[in-house]
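If you want the building blocks of each chain, they are given just below.
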Amino acid sequence: MGQDLWSQWLLNRRFGGDPKRMRAALDYLYRVRDRVLSNANLTDGETLLDVGCGDGLIAFGALEKVKTGRVIFSDISQDLLHHTRAIAREMGVLDRCRFLLAPAENLPLQDASVDVVTTRSVLIYVSAKQQAFEEFYRVLKPKGRLSIFEPINRFAYPTYAPPHMFWGYDVTPVNGNRPEGKGTL
Ligand SMILES: C[S@@+](CC[C@H](N)C(=O)[O-])C[C@H]1O[C@@H](n2cnc3c(N)ncnc32)[C@H](O)[C@@H]1O
């Protein structure tokens, strides 16, 4: 059975098989993870929900910080949830983990049931952002915390690039059908 698209991307394709690129990307991602978790001010025994957990970058880091507490891995990708569950089993931490197949906009969790919500690079893919934030607020306990990292593409790349360029790469070979002069990809 084939993996779903998110699983294919995160587990197989995103570094393009290039170890140098993988190392550089992970150095960056670990810094982001550490910042998200440090801003969450986690303490022993708390419950953290990581929305759009992917392959567990934030959620596995959180497990160390909540010590005896619990981490809920949630994602819309069943394959990624299988993957993270297998890792948690190998690590011997399954009893402190829960795996939830759910979109950010509709979390099957009780009101006021988690201490912290984290999410990294997920809301950018969610159309109903307001609904997602309302869900985060609903599931958080009073005085709960939200710690997020989201890329804002228009801050990072020029708003206009020639049609054959994407993120600084010349994409002419894979851009055959694009009409000329239509702005960024
Ligand atoms: C760029 S990855 C980030 C993964 C992880 N948060 C990390 O920091 O490495 C985006 C993740 O968001 C998930 N995702 C996409 N749309 C979602 C939605 N509506 N609700 C929850 N997760 C979603 C994808 O399945 C994928 O795992």
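This text follows the structure it describes.
Things to note about helix 3 (residues 57–66)
Item 1. If you check which residues of helix 3 are buried, you get Leu57, Ile58, Ala59, Phe60, Ala62 and Val66.
Item 2. Its buried side turned inward, helix 3 meets helix 2 (19–39), strand 1 (47–51), strand 2 (70–75), helix 4 (78–91) and strand 4 (114–120).
Item 3. After helix 3 finishes, the residue Lys67 shows a positive phi value of roughly 50°.

Brief notes about the site of the ligand
Item 1. Around the ligand sit 18 residues, and of these Trp6, Gly52, Gly54, Leu57 and Arg120 come closest.
Item 2. A breakdown of the residues in the shell around the ligand according to their chemical character gives twelve nonpolar, four polar and two charged.

Some details on unusual backbone geometry
Item 1. The phi angle at Asn41 is positive, at roughly 50°, despite the residue not being glycine.
Item 2. At Lys67, a residue that is not glycine, the phi angle is positive and equals roughly 50°.

Section: the packing of helix 2 against helix 3
Item 1. Direction vectors running N to C along helix 2 and helix 3 enclose 50°, while the axes themselves pass 10 Å from each other. Taken together, the axes of helix 2 and helix 3 lie oblique to each other. The element helix 2 and its partner helix 3 pack so that their crossing is right-handed. Residue-level contacts link Leu29, Arg33, Val36 and Leu37 of helix 2 to Leu57, Ile58, Gly61, Ala62 and Lys65 of helix 3.
Item 2. Grouping the amino acids of the contact of helix 2 with helix 3 by side-chain chemistry returns six nonpolar, one polar and two charged.

Topic: the pairing of strand 2
Item 1. Burial analysis of strand 2 places five of its six residues in the buried class, the great majority of the element.
Item 2. Judged from the five bridges that link them, strand 1 and strand 2 form a sheet pairing that is parallel. Each residue of the ladder has a partner; that of Leu48, found in strand 2, is Val71.
Item 3. The sheet contact formed by strand 2 and strand 3 (residues 97–101) spans five bridges and is parallel. Bridge pairing in strand 3 links Ile72 to Arg98.

Let's talk about the environment of Arg138
Item 1. With respect to the helices and strands, Arg138 occurs in helix 5 (residues 129–139).
Item 2. For the pair Arg138 and Tyr30, spaced 108 residues apart in the sequence, the C-alpha separation amounts to 29 Å.

Considering the sheet that holds strand 2
Remark on secondary structure: sheet strands pair via backbone hydrogen bonds, oriented parallel or antiparallel.
Item 1. Taken together, the five strands give an open sheet; going across it, the order is 3-2-1-4-5, and neighbouring strands pair in parallel fashion. The open sheet has two edge strands with one neighbour each: strand 3 and strand 5 (140–149). Pairs of neighbouring strands in the sheet enclose a mean axial angle of 20°, with direction left out of account.
Item 2. Sitting on the sheet, helix 3 is in contact with strand 1, strand 2 and strand 4, with an inclination near 170° to strand 2.
Item 3. Against the sheet, helix 5 engages strand 1, strand 4 and strand 5, with an angle of about 140° to strand 5.

Calculation criteria
- Residues numbered from 1 in each chain as written.
- Predicted model: local features only at pLDDT ≥ 70, side-chain atom pairs only at ≥ 80, totals over all residues.
- Buried ≥ 20, exposed ≤ 12 C-beta atoms within 10 Å, placed from the backbone.
- Helix = DSSP H or I, 4+ residues; strand = E, 2+ residues; numbered from the N terminus.
- Contact = placed C-beta atoms within 7 Å.
- Near = placed C-beta within 6 Å.
- Nonpolar A, V, L, I, M, F, W, Y, C, P; charged D, E, K, R; others polar.
- Axes fitted to C-alpha atoms, helices over the stretch in contact; angles between N-to-C directions.
- Parallel < 35°, antiparallel > 145°, perpendicular 65-115°, else oblique.
- Left-handed = near helix turned anticlockwise from the far one by under 90°.
- Pairing = 2+ DSSP bridges.

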